[in-house]
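Reading the structure
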Amino acid sequence: MEADWSETARITLPAPDLNAGPTSVTAFAFDTQQELLWTGNDHGRVTSFYGAELQRYTSYRGHLSREKRVPSANAPVKQFLFCDRGVLSVSPESVHLASRRGLTLWHITQPDMHSLCCMSFTGKGTDEIIVTGCQAQRYRIDVEKGIVTETISPTTPVSFTLMRRANNAICAAAQDGSIFLLDPTTLAVRHSWKAYNGAVNDMDARGDYLLTCGWAPRHYQGLALEQLVRVYDLKNNKPAPPISFPQGAAQIRMHPKLSSTCIVISQNGAIYSIDVQNPDVPTMRFANTYDAQLKGLELMPSGKGFAMIDSHCQIVLWGSPTKSQFVEFGKPVEFADSIPPARQLDWSPETPLNLIGMPHYRDLLLSAWSNSFVHELGAPPAGLDASLNAALQKANTGNMMVEVGPNPRKSRRNQVIKTRAVHKSHGKLGAPKFLSEKPREDSAFVDPPRRMSEDIAKALGDLTVGSSALPPTFYQPVEIQYSKFGIEDFDFGYYNSTNMSGLETHILHSYANALLQLYRFTPVARNLALQHAAKDCMYDSCLLCELGFLIDMLEKAKGKSCQATNFLKALSKHPSAPALGILEEHNAVASYPNMIQALNRFLLNAMDENNRLITGSTDQVQQAFGTVGRHFSRCGHCSFEATKPQIWHCHDLIYPSKPPKNSPRPQRQFFSQILKSSIERYEQQRGWCNSCHGYKPIMSRRVVHTVPAVLMLNTVAQTAEAKQLWATPDFLPKEIGIIVNDGQLYCYEGQDLNMHLHRGRHNITVYELVGYVADITLADSKSSHLVSTIDAAVSDPDLGKTGNWHLFNDFLVRPVPADDALNFNPQWKTPSVITYQKKALSHIIDTTWPDHFDISPLYRSIAQPNHISPDSFRPLDPRALVPDTATHLAIDAEFVRLLREEIDISAEGHRTITRPHRSGLARVSVLRGDEPDAGVPFMDDYIAISDPIDDYLTSYSGLRPGDLTLGVSKFTLVNLKQVYKKLWILLNLGVIFVGHGLKSDFRIINLHVPEQQVIDTQELFSLGSRARRKLSLRFLAWLLLGIDIQSSPPADTDPSAAVGHDSIEDALTALKLWRKYQEFMDAGVLEAILDEVWVKGKACDFRVPAERSIGRGVESGPGTPRRRPSVGERLGVAMPGKGCAAGSPLKV
């Protein structure tokens, strides 16, 4: 190990598919013939990386388990071997040979293969291998033919976990800590000994030495990694002196070129290079593990470096930065053939059409069919009114049983119903015009009052619940339409005229919008999330923080549309989410009601865990959502009863079973009765009895001790009988009362509740309905949609507000009558999640949480490598004044494209954007805006992005491939949560952000900044009624400041230098433009300046000319530098104090 060896590359093993998270490396090895590093994961996927930069080369699925109904991570790759034909890999149930380009050559699997672990070449070189593992059989396999030539079943089976080939023996480690030396030809045992009381953790053999490390008992600590490397002399067939390794030897490899040198590593990053013959003077290094544990070690065949894997699914490459080479005199790596460039065609009006290749069709295209082929086939039949089902009664006509009821038709008997028009009236809301399509107003700064759409006005008549079997228009899914200007051109205000913000739907997992709105309007949940977000929580996947950020954004937006991008991204990255069926890409079969219930359980448990990590206690979440009690289970065979304390964060509603036929008419079921039985949950099922030691009938029940501040109820009705309960008028009570006394729970509603409140004999807890998430069954009866109906008065600080019910259908928000909110229709509307809160806690909105901000994250900004002077970067000083409402900060951000937009082209050639492109935040720079340090950055963060990046947009962002990859980037990377937390703190401190085009930047960052905290130079220098064009920052800087920004470096400079936009430069330029705007306002020449900007901009198409004359002003004297012309000289406008009256625009 040479003196200049250090970490040269660090990558994360790619996920098995686009929607899965990173997986651990189960096996890896350097190719002995080419510059490739091969890895395998627990999905059976083999991936190779080329060169010192670890560029992806090939990836294929080599192994798959034979078992059905098991997780996909069920075929871990255990070991690699290399031969001339390709790569050999083994998994518990199969052996696979593939070429280095990924093509399968042969694949062997047999029914008795179930626990294969290791393999080794035999005495026949690379033509034959022996494969074995923790099973009785061993297999000889002919590599050339791909067949099992012999199955060996020893009389005394031994479970082998590791195999290494030495000069004259095969060294094998057994599961019980023993070492065996096998004859490479006959596979007979030459010698064996017990090496460890535990297992052998790693082993390597080369030349005359066999080195092992393993687990041994320590005093009062159980098994731990032994602090020795055991050495065995294969030549003399006896143990050699061990090597001391105080940190605990975890992995070991012999040097491929130095026969007596080995490299040993510990789990925490200690690296020793030791000569077995002289172990007293080791060469020591230490690897930064970033709180991970090292799990594997492999040396390059050239001896010029090594690779390690850790518990964070990362591969770390060590070696010399200038001499890293996997193989000496290796074979060249084959790459894919380059695609020849498309033939350029000189297109002109005179070009013959026969030069254009066109597809040939035998049949007439559908788009070419005549309109005469389209016919009306008749109107659909009239449907039965849903209210008719509840009014039908059975009647015996003598011959048959029929159901009769009143006729709901109000028309005449011979009058035809226009069912086609009725059918179309229940369609989706018509999309509004794009903002760019609307007529221009006289003033660009005046927003005229919005008139409700005729489509929405027509839908008012459809809002009577139970009037139709189809959902009314407002309950239908709403869709975002995209123009060439992107999503910012969509008129969200068309769907929401309230001061309560909706959530957009163009994001994956946006089905959760309804539940997030329910949390936002529950005061206890709202206060808890905001108070937690104000703490110094740096956990990247903290959903409680993300919920607090989202709630704060919704409150600040005051009716403007928002998006839960960051929350849903953190949800998809949570390691437990895929297994719970709450991610749309992992659960294409489950219905939205079941998914929203699973999500509700998951979020409540995640809140508890996230809060405990910061406060060290679960009391706060337990008091908010936890029903505390004990769970009793009693064996029906031996009457043995077991009990354990338990906390339930939510309750699943258990509906009464269907009564048997010919039973008397059942009494009406009340919601309070079902709630009581659901909380106490008396159940009988088969389970394990510790007394009988067998599966017996077990009767279980719950005993409640305390009830929480918020009752979260999962209420999905799976049967028709359960759904019919919700058709009962006023089935869902506005208030319920709960009494807990001596382990008994009682629930009351309506008159019974009022009677107990009037008597006052018991301590009764009254809960008030906050709202619910409802499942809306669409017209096809096969798909559904989730909305939430919420009483916003519960979260209003005004104690006099009551019954302010609103419908939240994603970004469509509107008030609804209380009767419609509290009634359901089993045909199309049933509840999925219901929330009750203690009535005493209504209207209690914590507004003091910003006063308890922990602003320490603001002081953790790290200088990037290019910040070499104090003026180029200076973090905030904790001893200085905290930024406040008088503080101005210049800000700019850079983004990369994660996903391209999807465009649908119709037969007529019309282009429609079906999915917009998705951007990711890559860099954020914040500069001081006030003197004396105006323009000095204190925050310049690059964000690590684990998602695949489609385009770095280098010409706009200045970023290149690898700049946002951990272990590869030359910048110091941070996670998105840290950057967002800093911006969120600055936002709530009240600072004023100065920048250019901040509306779109803040939208991608997922941050809503009130207008009074934004100074946008794009709006300051808006042309108003002159034109709708938005002026670019570069054009304004060139015209008003006389500087050229966002330009490429000269040709003779370093090609790796940044190109395109630089966020610090852009933020500083916006700051200067704002100062210049203030000068124009003070001088009273702003309108004259804008007139000249319009004139000169039209002349150059609002672009910076290629050859500029800025800076070539008239020389003021011999030998003096050229003077930069003033703004007035460039625009032809006289400034005050320059020989003209103040504010009068004069032409030069």
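Residues numbered from 1 in each chain as written. Predicted model: local features only at pLDDT ≥ 70, side-chain atom pairs only at ≥ 80, totals over all residues. Heavy atoms only, no water.

1. As for the packing of helix α6 (residues 543-557) against helix α16 (residues 976-989)
Axis angle and axis distance: for two packed helices, these are the angle between their axes and the distance between the axes, and together they describe the pair. Contact geometry of α6 with α16 gives a least axis separation of 12 Å together with a crossing angle of 35 degrees. When the axes of α6 and α16 are compared, the crossing they make is left-handed. Judged by residue contacts, C545, E546, F549, D552 and K556 of α6 engage K977, Y980, K981, W984, L987 and N988 from α16. Considered class by class, the residues forming the contact of α6 with α16 number 5 nonpolar, 1 polar and 5 charged. (Axes fitted to C-alpha atoms, helices over the stretch in contact; angles between N-to-C directions. Helix = DSSP H or I, 4+ residues; strand = E, 2+ residues; numbered from the N terminus. Left-handed = near helix turned anticlockwise from the far one by under 90°. Contact = heavy atoms within 4.5 Å. Nonpolar A, V, L, I, M, F, W, Y, C, P; charged D, E, K, R; others polar.)

2. Details of the environment of H96
On the secondary structure map, H96 appears in strand β8 (residues 94-98). By relative accessible area, H96 is classed as buried at 3%. A C-alpha to C-alpha distance of 4.6 Å links H96 and H107, two positions 11 residues apart in sequence. In contact with H96, not counting residues within four places along its chain, are Y60, G62, H63, V87, L88, S89, T104, W106 and H107. A polar contact of 3.4 Å, which involves the side chain of H96, links it to the backbone oxygen of G62. (Buried < 20%, exposed > 50% of the residue type's maximum accessible area, 1.4 Å probe, protein only. Polar contact = N/O pair within 3.5 Å; in protein donor to acceptor, adjacent residues only side chain to side chain.)

3. Here we look at the UniProt feature "binding site: a divalent metal cation" (unreviewed entry) in the protein
Under the feature "binding site: a divalent metal cation" (unreviewed entry), the UniProt entry names D892, E894, D1001 and D1066. Spanning 175 residues, the named residues nonetheless gather at one spot, since no C-alpha pair among them exceeds 12.8 Å. Mapped onto the secondary structure, D1001 falls in helix α17 (residues 998-1005). Not counting the four nearest positions on each side in its chain, D1001 is found in contact with D892, A893, F895 and H996. Here D1066 lies in helix α20 (residues 1063-1083). With residues up to four places along the chain from it excluded, the contact list for D1066 reads D892, E894, L1033, I1045, Q1046 and H1061. (UniProt positions renumbered as here; feature names shortened; annotations may be inferred.)

4. Quick look at unusual backbone geometry
The bulk of non-glycine residues show a negative phi, and the bulk of peptide bonds are trans. Here the amide bond leading from E931 into P932 is cis, since omega sits at 10 degrees, within 30 degrees of zero. If you trace the backbone, P932 turns up in the loop between β48 (918-928) and β49 (937-943). Although it is not a glycine, H693 adopts a positive phi angle of roughly 55 degrees. By relative accessible area, H693 is classed as exposed at 59%.

5. Notes on the nonpolar core
Among the nonpolar cores identified, the biggest contains 105 residues, and L599, F625 and V924 are the most heavily contacted of them. Tallying contributions element by element places α6 first for this core, with 10 residues. Excluding anything up to four places from it in sequence, V924 contacts I891, D892, A893, M939, D940, D941, I943, V979 and L983. Among the nonpolar cores identified, the runner-up in size contains 49 residues, and L675, L745, L812 and I913 belong to it. (Core = buried A, V, L, I, M, F, W, Y, C linked by side-chain atoms within 4.5 Å.)

6. A word on helix α11 (residues 671-680)
Within α11, 7 of the 10 residues are buried, which leaves the element mostly enclosed by the surrounding structure. What α11 keeps buried is the set F671, S672, I674, L675, S678, I679 and E680. Two residues or fewer after α11 comes R681, characterised by a positive phi angle close to 50 degrees.

7. Details of the sheet that holds strand β32 (residues 627-635)
What the 4 strands build is an open sheet, ordered β33-β32-β36-β35; its pairing is antiparallel. The outermost strands of the open sheet, each flanked by one partner alone, are β33 (641-648) and β35 (683-689). Neighbour-to-neighbour, the strand axes of the sheet open up by a mean angle of 35 degrees, direction not taken into account. Across 8 bridges, the pairing between β32 and strand β36 (residues 694-706) is antiparallel. Within β36, the position partnered with R634 by the bridge is M699. (Pairing = 2+ DSSP bridges.)

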